[in-house]
Amino acid sequence: MSIHGLKTQHYNSSFIDSSDIISTVEFNHTGELLATGDKGGRVVIFQQEPESKNQPQCRGEYNVYSTFQSHEPEFDYLKSLEIEEKINKIRWLPQKNAAQFLLSTNDKTIKLWKISERDKRPEGYNLKEEDGRYRDPNTVTTLRVPIFRPMDLMVEASPRRVFANAHTYHINSIAVNSDYETYLSADDLRINLWHLEITDRSFNIVDIKPANMEELTEVITAAEFHPNQCNTFVYSSSKGTIRMCDMRASALCDKHAKMFEEPEDPNNRSFFSEIISSISDVKFSHSGRYMMTRDYLSVKIWDLNMETRPVETYQVHEYLRSKLCSLYENDCIFDKFECCWNGNDSVVMTGSYNNFFRMFDRGYRQDVTLEASRENSKPRSVLKPRKVSTGGKRKKDEISVDSLDFNKKILHTAWHPLDNIIAVATTNNLYIFQEKLN
Amino acid sequence: MSGDNEETQAAEETSVDEKEVQEKMISPEKAEEAKLKARYPNLGNKPGGSDLLRKRLQKGQKYFDSGDYNMAKAKIKNKQLPTAAPEKTEITGDHIPTPQDLPQRKPSLVASKLAG
């Protein structure tokens, strides 16, 4: 598969405003819309232009459709806690009417946003002038019916629900259920179930907080609902385990139905073992038969019917194993990389450092490393595969491990649900690539 | 990992004299651990344990209490105010932050640069 640059949206400046750091990327269910959230609490939505007849080989470009401030910074005076406005996750609801809906969350509060279009405006009121001033009643001598006239498209975002005060710890995931009526939110120690219509209460379905916090050994790192079984969800932990729960079994799903964990060779255990086994993302395949987990060095594919070990393991950047000491010192070892499936579950993708991202083709057993950067992403040019040299000899065009820029990390990637179009977020730039059609 | 298993089997076949050298080559992870322990001898053996997790759960915690601050200011005439730790990893404690310690929060009035 060859990927070429379609169009890149980017902010080009030597000074990076930290509020521009992209914190989440998500396509909607048709792929027509792409939402990004940033550290400043803002959401930017891009819309794909319809295919032009002049260039049938090229799928439409993505242009800005709407932008709004989703969350503001808050200070909890009672707990002396600063609440960041950074958007941790965005999840789209499937479209039911003309408007689009999405859930966006920061560390503490989830909001349901309605994004609607207005392209008509009523004109010809009886009592008001066009600019809104009231007419002198004495001048009103006839009665007319206002009519709608077209106007320039206006896209409005309004908050329809605010789901607050249900999380003591920091929300890391939200996931919409396949029943399209409920969704879950997960923080470090608890998972709550909400109804999209009800904001004043939620059900706690998982609670791993120990009675004595000194006994705390693991936290919840991600959670997701099964794509078509509305009773099933999974949550991953900082110890590298995934628990699958069935909401039919009991109201509180502390007891898991299945636990997925790869056994570890105790001889290989080191100081870093647990830290690098922490799962930063878990995603079900579209088919619902598999799930994928991302830990610090690898991506693993699990068959939901087999808990003992993953069926596939892909090394993302194994060369970092001999750099763990410095990665621990500069905190990079705690970076939370996400992962995603393509539409037919044949390819998986995840990010790495130096603005590299990796794709693994499960069927053909091939993988590729690509780079998201201005220099390498001219429109309609094909992205060149990159290689990191691990041995002593460095070939031409290869990059040595020591030259990698660990500040340039790709944590968030998304794949269009139907086409081979991908969205890749570097620190504060968004790249959209599409597959070259022949 | 299969790679590590092969290397472990190779180690068993070498002589005891070379074992030390071999051990460093066997597991890059263990070599990195040794490096870390050399730099920070006080590092505990439970990295994923409650200290790390509790630090994670405490993210965003600030302690600014005007009462504490004024009390501390009053005490400063008699004895030194406890100084801030160089790395701000205090979970609770003797450290009483001052307004200068708390980073300024900037409201996000500016539109995102992605929106052009």
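Everything numeric in this text was worked out from a predicted model, so none of it was measured.

> Break down the overall build of chain A for me, with residues and values.
From N to C terminus, chain A includes 2 helices and 32 strands. On C-alpha atoms alone, chain A measures out to a radius of gyration of 24 Å, which is about the 22 Å that the 2.2 N^0.38 rule sets for 438 residues. In terms of overall dimensions, chain A has C-alpha extents of about 95 × 55 × 40 Å along its principal axes. Looking at the 438 residues of chain A, the share that counts as buried comes to 54%.

> Explain the interface of chain A and chain B to me, using residue names and the numbers behind them.
In this complex, chain A contributes 61 residues to the contact, which on the side of chain B involves 39 residues. When chain A packs against chain B, close to 4,400 Å² is buried across both sides, 55% of that on carbon and sulfur atoms. Three residues, Glu 82, Phe 271 and Arg 321 of chain A, lead the burial of chain A against chain B; their summed loss comes to 16% of the area buried on that side. At the junction of chain A and chain B, the tally comes to 2 salt bridges. When the shortest N-O distance is used, the salt bridge between Arg 39 of chain B and Glu 329 of chain A registers 2.4 Å. Along the contact surface separating chain A from chain B lie 9 residue pairs in polar contact (both at pLDDT 80 or more). Looking at the side of chain A that touches chain B, the elements with two or more residues in it are β3 (33–38), β4 (42–48), β5 (62–69), β6 (74–76), β7 (81–83), β16 (220–225), α1 (273–277) and α2 (324–329) of chain A. Ranked by residue count, the leading element in the side of chain A that touches chain B is α2 of chain A, at 5 residues. Class assignment of the residues belonging to the side of chain A that touches chain B gives a composition of 23 nonpolar, 18 polar and 20 charged.

> Break down unusual backbone geometry for me, with residues and values.
Residues and elements named next belong to chain A. Residue Asp 345 is not a glycine yet carries a positive backbone phi of 65°. Secondary-structure assignment places Asp 345 in the loop between β24 (339–341) and β25 (347–351). Take Asp 345: its relative accessible area is 9%, and that puts it in the buried class. Positive phi outside glycine occurs at Asn 355, with the angle close to 60°. If you trace the backbone, Asn 355 turns up in the loop between β25 and β26 (356–361). Classification of Asn 355 by relative accessible area gives buried; the value is 10%.

> Describe the pattern of salt bridges, and please don't skip the residues or the numbers.
Residue and element names in this part refer to chain A. According to the stated counting rule, one finds 31 salt bridges over all chains in the structure shown. For Glu 123, the salt bridge is made with Arg 121, and the minimal N-O distance between the two is 3.6 Å. Glu 371 is the salt-bridge partner of Arg 386, the closest N and O atoms lying 2.8 Å from each other. With Arg 386 in the loop between β27 (366–371) and β28 (387–389) and Glu 371 in strand β27, this residue pair connects regions lying 15 residues apart in the sequence. Per residue, the accessibility class of Arg 386 equals that of Glu 371, and both read buried. Bridged by salt links that share partners, the residues Asp 20, Asp 38 and Arg 42 form one connected network.

The rules we used
- Residues numbered from 1 in each chain as written.
- Chains lettered and ligands numbered in written order.
- Predicted model: local features only at pLDDT ≥ 70, side-chain atom pairs only at ≥ 80, totals over all residues.
- Heavy atoms only, no water.
- Helix = DSSP H or I, 4+ residues; strand = E, 2+ residues; numbered from the N terminus.
- Rg over C-alpha atoms; globule rule 2.2 N^0.38 Å.
- Buried < 20%, exposed > 50% of the residue type's maximum accessible area, 1.4 Å probe, protein only.
- Contact = heavy atoms within 4.5 Å.
- Buried area = accessible area lost by both parts, 1.4 Å probe.
- Salt bridge = Lys/Arg side-chain N within 4 Å of Asp/Glu carboxyl O.
- Polar contact = N/O pair within 3.5 Å; in protein donor to acceptor, adjacent residues only side chain to side chain.
- Nonpolar A, V, L, I, M, F, W, Y, C, P; charged D, E, K, R; others polar.

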